[in-house]
Amino acid sequence: MNKKIKIAPSILAGDFGHLADEAERAEEAGADTLHVDIMDGHFVPNLTIGPQSVAAIRKKTRLPLDVHLMISDPLRYADEFIRSGANNLTIHLEIKKDISSILRYIKSKHIRCGLAVKPGTPFEDAAPYLEKIDLLLLMTVEPGFGGQKFISEVIVKIEKARQWADQHRRSFDIEVDGGINSKTVPEVVRAGANVLVAGSAIYGASEMKDAITQMRTLAEQSKEK
Ligand code: DX5
Ligand code: ZN
């Protein structure tokens, strides 16, 4: 299936003293969606922001907010993140909770629901949930920090996910997150990813607009091949 390419700057790499402005900057530079990383210091060894900050970002941008919950108990905070303006809540498969019921809950609130898997989690573990989701997030680094090196072993998992989606005629987005830049974009898109999260490669660029345009062009070209 030929899914639209979406470029999703990760605000984790933005200036935390001016988060809302950083969101606005991404919108002006041509982003399709804004990736917002939520970490609880428990599921991952790092802490970021909570719903109040997401609400502050929401006020400054019309971009869809793609909220990546790297937290052990997403159900406890789901309502607050929805109220704060999230358009998508993505939970991690590895949290050892009742994944189906959390996904169902998110869907019942009329926002998009996503499932994320760490690099080492096999595709087969995610397969039972794919009928229920709008987005599958395949982590291409260990979750927790920006600026890490892309783990190329995940490519095979992207291919499996795209194959599964085609075979089952499902149109969920396949998102990649971690170490995505002009070098890695062609291979992830060829494998079947269509949502490209990039923190350092976009917020770290001297011209954000150029970085986004270049990434989009590369992705479109790789899709055609
Ligand atoms: C890492 C986060 C990513 C992070 C990616 O746990 O989920 O979204 O911002 O950063 P880069 O693009 O710098 O690897
Ligand atoms: Zn993320």
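A few points on the structure. (Residues numbered from 1 in each chain as written. Chains lettered and ligands numbered in written order. Predicted model: local features only at pLDDT ≥ 70, side-chain atom pairs only at ≥ 80, totals over all residues. Heavy atoms only, no water.)

Some thoughts on the environment of Asp166
Line of reasoning, step 1. Its location among the elements puts Asp166 in helix α6 (residues 154-167).
Line of reasoning, step 2. A relative accessible area of 36% means that Asp166 is categorised as partly exposed. (Helix = DSSP H or I, 4+ residues; strand = E, 2+ residues; numbered from the N terminus. Buried < 20%, exposed > 50% of the residue type's maximum accessible area, 1.4 Å probe, protein only.)

Brief notes about the packing of helix α1 (residues 19-28) against helix α2 (residues 51-60)
Line of reasoning, step 1. Close contact between α1 and α2 brings their axes to 8 Å; oriented N to C, the two are set at 40 degrees. Of the possible angle classes, the one that applies to α1 and α2 is oblique. Pair α1 / α2 crosses with right-handed handedness. The residues of α2 that touch α1, namely those facing Leu19, Ala20, Asp21, Ala23, Glu24 and Glu27, are Ala56, Ile57 and Lys60.
Line of reasoning, step 2. The residue inventory of the contact of α1 with α2, partitioned by class, reads 5 nonpolar, no polar and 4 charged. (Axes fitted to C-alpha atoms, helices over the stretch in contact; angles between N-to-C directions. Parallel < 35°, antiparallel > 145°, perpendicular 65-115°, else oblique. Left-handed = near helix turned anticlockwise from the far one by under 90°. Contact = heavy atoms within 4.5 Å. Nonpolar A, V, L, I, M, F, W, Y, C, P; charged D, E, K, R; others polar.)

A look at the sheet that holds strand β3 (residues 65-70)
Two modes of strand pairing occur in sheets, parallel and antiparallel, and in both the strands are linked by backbone hydrogen bonds.
Line of reasoning, step 1. Taken in spatial order, the 8 strands line up as β1-β8-β7-β6-β5-β4-β3-β2 in an open sheet, and their pairing is parallel. Looking at which strands have only one partner, the edges of the open sheet turn out to be β1 (6-9) and β2 (34-39). The sheet shows a mean angle of 25 degrees between the axes of neighbouring strands, taken without regard to direction.
Line of reasoning, step 2. In the sheet, strand β6 (residues 135-139) pairs with strand β7 (residues 173-177) via 5 bridges, with the strands oriented parallel. (Pairing = 2+ DSSP bridges.)

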